[in-house]
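What follows is the residue order along each chain.
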Number of protein chains: 2
Amino acid sequence: MIVTKGELTRQAILERAMDLATQIGLEGLSIGRLAEDLKLSKSGLFAHFKSKETLQLQVLETARQQFVERVVKPGLTAPRGEPRLRAFFERWLTWGRENPGGCLFVNTAIEFDDRPGSVRESLVQDQRDWLDQLANGVRAGTQEGQFAPGSDAEQFAHELYGMMLGWHHAARLLREPQADERTRVAFEALLDRYRRK
Amino acid sequence: MIVTKGELTRQAILERAMDLATQIGLEGLSIGRLAEDLKLSKSGLFAHFKSKETLQLQVLETARQQFVERVVKPGLTAPRGEPRLRAFFERWLTWGRENPGGCLFVNTAIEFDDRPGSVRESLVQDQRDWLDQLANGVRAGTQEGQFAPGSDAEQFAHELYGMMLGWHHAARLLREPQADERTRVAFEALLDRYRRK
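As the structure is a prediction and not an experimental result, all values here were calculated from the model.

Reading the values: the criteria
- Residues numbered from 1 in each chain as written.
- Chains lettered and ligands numbered in written order.
- Predicted model: local features only at pLDDT ≥ 70, side-chain atom pairs only at ≥ 80, totals over all residues.
- Helix = DSSP H or I, 4+ residues; strand = E, 2+ residues; numbered from the N terminus.
- Buried ≥ 20, exposed ≤ 12 C-beta atoms within 10 Å, placed from the backbone.
- Contact = placed C-beta atoms within 7 Å.
- Least-squares fit on C-alpha atoms with pLDDT ≥ 70 in both.
- Expected span 1.5 Å × (residues − 1).
- Bend = angle between axes of the 7 residues up to and from the residue.
- Axes fitted to C-alpha atoms, helices over the stretch in contact; angles between N-to-C directions.
- Parallel < 35°, antiparallel > 145°, perpendicular 65-115°, else oblique.
- Left-handed = near helix turned anticlockwise from the far one by under 90°.
- Nonpolar A, V, L, I, M, F, W, Y, C, P; charged D, E, K, R; others polar.
- Core = buried A, V, L, I, M, F, W, Y, C linked by C-beta atoms within 7 Å.
- pLDDT = per-residue confidence, 0-100.

Engineer: What's the story with the overall build of chain A in this structure? I'm lost.
Structural biologist: Assigned secondary structure in chain A consists of nine helices and zero strands. Helices and strands in chain A line up, N terminus first, as α-α-α-α-α-α-α-α-α. Counting all 197 residues of chain A, 41% fall into the buried class. A separation threshold of at least 6 residues defines the contact pool for chain A, and within that pool the share at least 24 residues apart is 58%.

Engineer: Got a minute to help me understand the relation of the copies chain B and chain A in this structure?
Structural biologist: Copy one and copy two of the chain differ by a rotation about an axis and a translation along that axis. Superposition of chain B onto chain A requires a rotation of 180° combined with a translation of 0.0 Å along the rotation axis, giving an RMSD of 0.0 Å. This pairing of chains is accounted for by a two-fold axis. No C-alpha of chain B lies nearer the rotation axis than that of Gly162(B), which sits 2.5 Å from it. With an isologous cut-off of 70% or more, the 100% of interface residues of chain B that recur at the interface of chain A puts this contact in the isologous class.

Engineer: Please clarify how helix α4 (residues 52-76) of chain A should be interpreted in this entry.
Structural biologist: Helical geometry note: an α-helix holds 3.6 residues per turn, so side chains three or four residues apart project in the same direction. All names here are of chain A. Between its terminal C-alpha atoms α4 stretches 34 Å, which fits the 36 Å expected from 25 residues at 1.5 Å a residue. Of all the bends in α4, the largest measures some 40° and sits at Val 68. Of the positions making up α4, those classed as buried are Leu 55, Gln 56, Val 59, Leu 60, Thr 62, Ala 63, Phe 67, Val 71 and Gly 75.

Engineer: What exactly am I supposed to notice about the packing of α4(A) against helix α5 (residues 82-98) of chain A here?
Structural biologist: Helix-helix packing is characterised by the crossing angle of the two axes and by the distance between the axes. All names here are of chain A. In the contact formed by α4 and α5, the axes pass within 8 Å of each other and the chain directions differ by 160°. With respect to each other, α4 and α5 are oriented roughly antiparallel. Considering how the two elements wind past one another, α4 and α5 form a crossing that is right-handed. Side by side, α4 and α5 meet where Phe 67, Arg 70, Val 71, Pro 74, Gly 75 and Leu 76 of the first sit next to Arg 84, Ala 87, Phe 88, Arg 91, Trp 92 and Trp 95 of the second. Here the residues of the contact of α4 with α5 sort into eight nonpolar, one polar and three charged.

Engineer: Could you clarify how one ought to interpret the nonpolar core in this entry?
Structural biologist: Side chains of nonpolar character tend, in soluble globular proteins, to be buried together. In terms of nonpolar packing, the biggest core is built from 106 residues, with Ala17(A), Val59(A), Ala17(B) and Val59(B) touching the most fellow members. Leaving out residues up to four positions away in the same chain, Val59(A) has contacts with Leu14(A), Ala17(A), Met18(A), Ala21(A), Leu26(A) and Leu29(A).

Engineer: Hey, could you run me through the interface of chain B and chain A in this one?
Structural biologist: In many analyses, interface size is given as the accessible surface area lost on bringing the parts together. On the chain A side, the residues contacting the 31 residues of chain B number 31 residues. At the level of elements, α6 (104-112), α7 (118-143), α8 (153-173) and α9 (179-194) of chain B are the ones that each hand at least two residues to the side of chain B that touches chain A. Considering each element in turn, the side of chain B that touches chain A owes the most residues, 12 residues, to α8(B).

Engineer: Would you take a moment to explain the confidence of the model for chain A for this structure?
Structural biologist: It should be kept in mind that the predicted coordinates are not to be read in detail where pLDDT is low. Averaged over every residue, the pLDDT of chain A is 93; residues scoring 70 or more account for 96%. Model confidence for the complex is summarised by a pTM of 0.94, with the ipTM given as 0.93.

Engineer: Can you walk me through the packing of helix α9 (residues 179-194) of chain A against α8(B) in this structure?
Structural biologist: As a packed pair, α9(A) and α8(B) sit with axes 10 Å apart at the nearest point and diverge in direction by 75°. As the angle between them shows, α9(A) and α8(B) are arranged roughly perpendicular. From α9(A), Arg182(A), Val185(A) and Ala186(A) reach across to α8(B), where they touch Gln155(B), His158(B), Glu159(B) and Gly162(B). Its residues assigned to classes, the contact of α9(A) with α8(B) comprises two nonpolar, three polar and two charged.

Engineer: What should I look at first to understand α6(B) in this one?
Structural biologist: Most of α6(B) sits inside the fold, with nine of its nine residues counted as buried. When we look at burial in α6(B), the residues that qualify are Leu104(B), Phe105(B), Val106(B), Asn107(B), Thr108(B), Ala109(B), Ile110(B), Glu111(B) and Phe112(B).

Engineer: Before we go on, may I ask you to explain the environment of Leu14(A) in this structure?
Structural biologist: Residues and elements named next belong to chain A. Within the secondary structure, Leu 14 sits in helix α1 (residues 5-24). For Leu 14, a count of 21 C-beta atoms within 10 Å gives the class buried. In sequence terms Leu 14 and Leu 60 are 46 residues apart; their C-alpha atoms lie 9.3 Å from each other. Dropping the residues within four chain positions of it, Leu 14 is found in contact with Gln 58, Val 59 and Thr 62.

Shown next as structure tokens:
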């Protein structure tokens, strides 16, 4: 595959924009602000992205691709069911830890929960996809006999996502040294509740 | 107690500012934006609040007072231990539901986790107070023999806060009709884990 110089530049811009968005918020990410940060011409960036909304959507798309590469795909190499849920969980913690401003999806969820429009819709879709991925892990674990028959997969996914939000809050706002440990205790208790006895 | 007209006005302004902040973010809340929203003169509001930071801190203080009135105080009328934790939990859900843009503390936690300064410090203090309040409920419940001896109160508080964040995400971003129910299932399971067997 041939990647043109233009495409590389675009990708580099989007990755920088994603880092910036996790810190100042996706709504704070105007084309002007990005141009200033990257020391590029505003008109050049306008030519690339046309509008703030397009920029925001493409930043979300960039985050989605990175999330798939860094969390979903490596998780899918683990055996189905509980081992895969554990892999998703650990990869997600690493993802939250390695991004300079935390998880873009967590930040954007708060920013856009009251802002109707295409950014919110795109984000809702991403979040549902991730919750489905987690719920599928539970369904597979139930089929494999790891979890109790009739386990409520959506309930598990909902609770696990809350744990991830709790980790994000404890680690990032409170700088809680035990954030990882407490989140792991919660996760093990959740697995234990679902496990076939 | 005599409340002057000036004080009433100030309180009314702060309450409106708080509602606005839950929707557009505390960082989006400039004196200019608030003046526009309230159709007041910008110079008049500057005379009241001096700076954006003072306005932000006073909005947080207003939210804190309301949280104490609407969640903490009513919760403290319940018997100590588990009944009080249940009261806090239900009051917190109501608080999240009744505020037009959700919980200001949840929103601000995401906005300010990367912004050092007095707003962040004030928020961290509020969050620690609330986690302490929850942990104290667990300690009291342990003393009363409701929870198992040696129960980890900070762990419980951490997990319960994550559930509240999970509720906020499901109810507000995803408009999940089962947000309340799923959060209650998680809470009951947490209580059950801690209960003296």
